[in-house]
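Architecture at a glance
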Amino acid sequence: MAETRSALVVDDERDIRELLVMTLGRMGLRCDTASTLGEARGQLARNRYDLCLTDMRLPDGSGMDLVAEISQKHPETPVAMITAFGNVEAAVEALKAGAFDFVAKPVDLAVLRDLVRHALDLNERRKSAPPADVVAARLYGQSPAMATLRGTIAKVARSQAPVYIVGESGVGKELVARTIHAEGARSTGPFVPVNCGAIPAELMESEFFGHKKGSFTGAHADKPGLFQSADGGTLFLDEIAELPLAMQVKLLRAIQEKSIRPVGANAEVPVDVRILSATHKDLAALVADGRFRQDLYYRINVIELRVPPLRERQDDLPGLAEKVLQRLSLAQGRVFPPTLSADALDTLRSYAFPGNVRELENILERALALAEGDSLTAEDLRLPKPATPAAPAPSAATAAGAPPAPAAAASPALMVPGQPAQAIDPRTLNPRDTASSPLPSYIEEIERAAIQQALQENRYNKTRTAAALGITFRALRYKLKKLGID
Ligand SMILES: Nc1ncnc2c1ncn2[C@@H]1O[C@H](COP(=O)(O)OP(=O)(O)OP(=O)(O)O)[C@@H](O)[C@H]1O
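Residues numbered from 1 in each chain as written. Predicted model: local features only at pLDDT ≥ 70, side-chain atom pairs only at ≥ 80, totals over all residues. Heavy atoms only, no water.

Right, let's talk about the overall build of the protein chain for a bit. The helix and strand tally for the protein chain stands at 21 helices and 16 strands. In the protein chain, which comprises 486 residues, the share counted as buried stands at 49%. Sequence separation of at least 24 residues holds for 69% of the intrachain contacts in the protein chain that already meet a minimum separation of 6. Approximately 23,100 Å² of the protein chain is accessible, and the part contributed by carbon and sulfur atoms is 54%. (Helix = DSSP H or I, 4+ residues; strand = E, 2+ residues; numbered from the N terminus. Buried < 20%, exposed > 50% of the residue type's maximum accessible area, 1.4 Å probe, protein only. Contact = heavy atoms within 4.5 Å. Areas by Shrake-Rupley, 256 points an atom, 1.4 Å probe, with all protein chains shown as cover.)

This is how it looks when you write it as structure tokens:
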């Protein structure tokens with residue numbers, strides 16, 4: 001026989017307590033009640049619960065404190081907050097404090113039943129989930145900014161609310177999303193990352209929602225979409241700002257209805273997916289410009305997490321570099337990773353890392369390939385040299401903290417195709433330097449140099465880089481891939 005599950009109901013209004021106890025009782029839960037914070041603490045000290053429902057305002061304190069205490073001391077008990085109708089701030093606060101979900105007053109019993117079922121279901125999955133340490137351990141950072149971020153991740157991982165992750169390119173947004181998934185109750189379910197900018201507009205609906213055989217030319221068999229693939233887990237929508245407006249409407253509907261309709265299907269299919277999203281763009285500004293739907297923005301942006309750029313957490317640099325070197329060495333079968341010399345570390349510290357952790361990884365990978373000894377020197381890192389007076393005037397991006405433009409007369413020897421070379425002003429390329437190269441390769445070098453310079457001037461923001469180069473975002477992606485620029 002299945003073990004009876006139990007819930008703690010905390011509310012100072014007797015009518016509400018009775019309503020909740022009756023509803024939960026009909027669902028087979030054994031309920032204890034408390035009308036004050038003090039009583040709730042006593043019950044929690046004596047019993048273990050599968051769920052806790054708490055009101056926000058209690059005679060001796062705030063339900064928010066109870067949420068924080070439960071998520072700290074009884075992380076196995078999901079807690080949901082009962083909030084006043086329309087009090088979105090309180091609901092968001094509760095989620096940030098570690099609540100699993102919230103329910104507005106007057107309590108809609110169908111919504112409440114759904115919430116309870118979900119909590120119990122997730123609890124079961126959590127019990128059989130592998131430890132989250134493996135993924136979580138990858139998110140390195142000892143700085144205060146990272147400690148705060150990790151704390152917030154641990155809290156939001158418990159909830160089901162959508163999380164919107166903002167941060168510059170390469171800062172670790174996807175790793176944060178993976179950590180939220182790994183630390184949450186859905187960790188045994190799939191984590192499905194999607195780069196919204198990489199799916200051709202005409203294929204988007206079928207990619208997201210799947211299609212039925214014969215629904216369009218080329219649909220030879222039924223195909224599940226990304227939502228179905230993520231069922232029971234997490235769908236990570238990266239570069240969400242790139243979604244075309246028409247697709248935004250369909251996505252909003254899928255999130256609201258918790259069901260999707262595959263292309264060519266007659267019926268909706270229910271899906272249970274947690275949505276995490278990320279962008280390096282200012283989505284609020286896009287909303288103001290009418291380029292991103294406000295209703296979708298509010299839907300996905302229930303909790304916002306900012307991942308700080310690497311230059312704002314300099315304390316992390318030595319440890320992060322060490323971790324990256326360990327990982328790269330292991331991948332190359334090296335037993336002992338090289339160390340960073342003191343001058344190499346100083347050089348890294350004075351660099352602004354517009355491409356953040358990904359750029360650090362690229363720099364160290366290149367250094368590892370080129371260095372000879374067991375210690376990496378500043379030279380091995382080959383960071384862009386500071387600008388000379390002859391260099392072009394710094395752009396706005398440079399003034400805002402990006403690295404200085406490279407010297408105009410950079411050595412052509414650095415422009416080896418396929419290598420992550422330093423940005424070079426394409427105007428300084430001399431056909432004579434590459435006279436022995438075939439024409440296509442000479443043209444590629446010019447293209448590569450122009451793209452690298454634009455990337456650097458635009459702080460590795462691909463959308464701005466594409467605009468600066470006068471090409472579309474997709475064309476830029478294609479060229480980056482073709483030229484092997486990471
Ligand atoms: N705190 C960290 N500790 C260890 N590795 C990290 C950290 N942050 C980022 N990385 C690594 O840096 C690389 C880039 O991270 P990630 O892909 O998560 O960045 P992103 O912000 O999603 O990038 P983009 O904006 O291009 O989508 C990955 O290899 C990731 O593992």
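Back to the text.
As a further point, take the environment of Asn 123. You can see Asn 123 is positioned in helix 5 (residues 109-127). Judged by its relative accessible area of 5%, Asn 123 is buried. Taking C-alpha positions, Asn 123 is 9.0 Å from Leu 51, a pair spaced 72 residues apart along the chain.

So, about the pattern of salt bridges. Under the defined criterion, the tally for this structure stands at 22 salt bridges. Between Arg 41 and Glu 69 there is a salt bridge; the shortest N-O distance is 2.7 Å. On the criterion of sequence distance, the pair formed by Arg 41 in helix 2 (residues 37-46) and Glu 69 in helix 3 (residues 63-73) is long-range, its members being 28 residues apart. The partly exposed category is assigned to Arg 41, whose relative accessible area is 37%. One salt bridge in this structure joins Arg 311 and Glu 168, with 2.5 Å as the shortest N-O distance. In this pair, Arg 311 sits in the loop between strand 14 (303-306) and helix 14 (317-331) while Glu 168 sits in the loop between strand 8 (163-166) and helix 8 (173-183), placing the two residues 143 residues apart along the sequence. Overall, Glu 168 belongs to the partly exposed group, its relative accessible area being 23%. Connected through shared salt-bridge partners, Glu 13, Asp 55 and Lys 105 make up one network. (Salt bridge = Lys/Arg side-chain N within 4 Å of Asp/Glu carboxyl O.)

When the UniProt feature table is mapped to this numbering, "modified residue: 4-aspartylphosphate" (unreviewed entry) covers Asp 55. For Asp 55, the residues in contact, after removing those within four places along its chain, are Val 10, Asp 11, Asp 12, Gly 63, Met 81, Ile 82 and Lys 105. (UniProt positions renumbered as here; feature names shortened; annotations may be inferred.)

Taking strand neighbours across the sheet as the criterion, the five strands line up as 2-1-3-6-7 in an open arrangement whose pairing is parallel. Each edge of the open sheet carries a strand with a single partner, namely strand 2 (29-34) and strand 7 (101-104). Adjacent strand axes in the sheet meet at a mean angle of 20°, parallel and antiparallel pairs treated alike. Strand direction decides the pairing type here: strand 1 (residues 5-10) and strand 2, joined by six bridges, are parallel. The partner of Leu 8 across the bridge, within strand 2, is Asp 32. Together, strand 1 and strand 2 form the strand contacts of helix 2, whose direction differs from that of strand 2 by roughly 140°. (Pairing = 2+ DSSP bridges. Axes fitted to C-alpha atoms, helices over the stretch in contact; angles between N-to-C directions.)

In this section: the site of the ligand. Inspection of the region around the ligand gives 17 residues, with Arg 138, Tyr 140, Lys 173, Arg 358 and Glu 361 positioned closest. At 2.6 Å, a side-chain N or O of Arg 138 approaches an oxygen atom of the ligand. Gly 170 places a main-chain nitrogen or oxygen 3.1 Å from an oxygen atom of the ligand. Across the complex, the protein chains shield 90% of the 630 Å² of accessible surface that the ligand would expose by itself. (Near = heavy atom within 4 Å. Polar contact = N/O pair within 3.5 Å; in protein donor to acceptor, adjacent residues only side chain to side chain.)

This paragraph deals with the sheet that holds strand 13 (residues 274-279). With parallel pairing, the five strands of this open sheet are ordered in space as 9-10-13-8-14. This sheet does not close on itself; its edge strands, each paired only once, are strand 9 (191-195) and strand 14. On average, each strand axis in the sheet is inclined to that of its neighbour by 20°, with strand direction left out of account. Pairing between strand 10 (residues 234-238) and strand 13: four bridges, direction parallel. Bridged to Leu 237 within strand 13 is Ser 277.

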